[in-house]
Amino acid sequence: MQAIGDFTLDALVELQEPFMDPFDFFPDATPETLAPHLDWLLPRYMDPETRRFIFCFQSYILRTPRHTILVDACIGNDKSFPHRPTWHRRQGSFIADLAAKGLAPGDIDFVLCTHLHGDHVGWNTQLVDGRWVPTFPNAKYVMARTEAEYWRGRHAADPEGVRSLTFTESVQPILESGQAVLVDMDHQMEDGVWLEPAPGHTPGNVVVNLKSGAASAALSGDVIHHPIQLSHPEWSSMACEDKALSHASRRALIERLADTDTLLAPAHFARPTCGHIVSEGDAFAYRLVE
Ligand SMILES: [Zn+2]
């Protein structure tokens, strides 16, 4: 758990696994450009056996003096991911793990979605008697209006497509429940908690900024997927909708945070996840704090 002034930030890990081949995940990576980094990538960030990049899938529990906020909601149980066997109709212990941190679903005041990909909204809903219902009965679910409208449009254009499964199972039930709050991409949640536009990965992708007293942090969602992007900020992922814009948003965030005390809390870096960005030559490196 990290203290950020009067706030605390605690990760709730759903899954950490060797996820994808580096060259499939980062189409611009090559064996030659990756080779100089293998000494620090192995074994923490790259699995020696499968040679896949290791990804963590986690939510952040942000406690402020006023609210308990769940930032992103992982993969979920029972969700349909026909192309990802380790995610498909998972039966994980996320709710029990939340309870181990002293929280029942009813204690969450806000679920804050950095964007609406399937591995960030899974626990938005759960399957009860064959229906998808909001997991957090007292929560408002905050999402960028731009993001919600983009995925609503994608779903309308291809309601049976694989990419529509997440919208159908994890987003639409929230919109229909009345618990969704659609906001501008620079929305302020409360004093010291505000969104910042970081489009590219998806059109309505946001960073969550925290500031309390002299302390600050940035929850970067999928602006940065893997620490190799500090060495190669120009590498956007295969999951980025607009790779050039994703690069611009990533570089702006990295340059803003580099050599400052602002803590980076990424979504997918292998545990331990949080750290500081430092400049190193004409690129950047990572200093873990946990
Ligand atoms: Zn994503």
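Structure: above.
Everything numeric in this text was worked out from a predicted model, so none of it was measured.

Rules used throughout
Residues numbered from 1 in each chain as written. Predicted model: local features only at pLDDT ≥ 70, side-chain atom pairs only at ≥ 80, totals over all residues. Helix = DSSP H or I, 4+ residues; strand = E, 2+ residues; numbered from the N terminus. Rg over C-alpha atoms; globule rule 2.2 N^0.38 Å. Expected span 1.5 Å × (residues − 1). Buried ≥ 20, exposed ≤ 12 C-beta atoms within 10 Å, placed from the backbone. Contact = placed C-beta atoms within 7 Å. Pairing = 2+ DSSP bridges. Axes fitted to C-alpha atoms, helices over the stretch in contact; angles between N-to-C directions. Arc of directions from axis to C-beta. Parallel < 35°, antiparallel > 145°, perpendicular 65-115°, else oblique. Left-handed = near helix turned anticlockwise from the far one by under 90°. Nonpolar A, V, L, I, M, F, W, Y, C, P; charged D, E, K, R; others polar.

## Description of the overall build of the chain
Check the secondary structure of the chain and you find nine helices and 16 strands. A compact globule built from 290 residues would reach a C-alpha radius of gyration of about 19 Å, and the chain, at 18 Å, matches this within 12%. Overall, the C-alpha framework of the chain stretches about 50 × 45 × 35 Å when taken along its three principal axes.

## Some remarks on helix α7 (residues 164–177)
In this model, α7 (14 residues) spans 19 Å end to end at C-alpha, consistent with the 20 Å of a helix rising 1.5 Å per residue. Considered for burial, the residues of α7 that qualify are T166, F167, E169, S170, V171 and I174. Elements in contact with the buried residues of α7: α5 (118–121), β6 (125–128), β7 (131–134), β8 (140–144), α6 (145–157) and β9 (180–183). Two residues or fewer after α7 comes G178, characterised by a positive phi angle close to 85 degrees.

## Here we look at the sheet that holds strand β4 (residues 68–71)
Spatial ordering of the open sheet is given by β1-β2-β3-β4-β5-β8-β9, a layout of seven strands whose pairing is mixed. Edge strands, defined here as strands with exactly one partner in the open sheet, are β1 (2–4) and β9. Within this sheet the neighbouring strands show an average axis-to-axis angle of 25 degrees, counted without direction. Relative to β9, β8 runs parallel, the two sharing four bridges. Looking across to β9, one finds that M143 is bridged to L182. α6 rests against β8 and β9 of the sheet, and its axis sits at about 80 degrees to β8.

## Description of unusual backbone geometry
At the junction of L42 and P43, the peptide bond is cis and its omega measures out at -5 degrees in the coordinates. With respect to the helices, strands and loops of the structure, P43 is situated in the loop between α3 (38–41) and β3 (53–63). For the peptide bond that leads from R271 to P272, omega is -10 degrees, which places it in the cis range. When you line up the elements, P272 lands in the loop between β14 (263–266) and β15 (275–280). Positive phi, close to 50 degrees, is recorded for D129, a residue that is not glycine. Summarising the element assignment, D129 is placed in the loop between β6 and β7. Here D129 falls in the exposed class, since 5 other C-beta atoms lie within 10 Å of it. The backbone phi angle of D259 is positive, close to 60 degrees, even though this residue is not glycine. The residue D259 is located in the loop between α9 (243–257) and β14 in this model.

## Focus on α9
The end-to-end C-alpha distance of α9 is 21 Å, a good match for the 21 Å that 15 residues give at a rise of 1.5 Å each. Within α9, burial applies to S246, S249, R250, L253, I254 and L257. Along α9, the residues classed as buried sweep out an arc of 130 degrees about the axis, all on the same side.

## Points about the pairing of β14
Side-chain alternation along β14 places L263 and A265 on one buried face and L264 and P266 on a second face that is also buried. Both strand β13 (residues 215–221) and β14 contribute to a ladder of four bridges, which runs parallel. Of the residues in β14, the one forming a bridge with A217 is L263.

## Overview of the packing of α6 against α7
Packing of α6 against α7 brings their axes to within 10 Å, and their N-to-C directions diverge by 125 degrees. The angle between α6 and α7 falls in the class oblique. The way α6 lies across α7 gives a crossing that is left-handed. Contact residues: α6 offers A148, W151, R154 and H155, while α7 offers S164, F167, V171 and L175. Its residues assigned to classes, the contact of α6 with α7 comprises five nonpolar, two polar and one charged.

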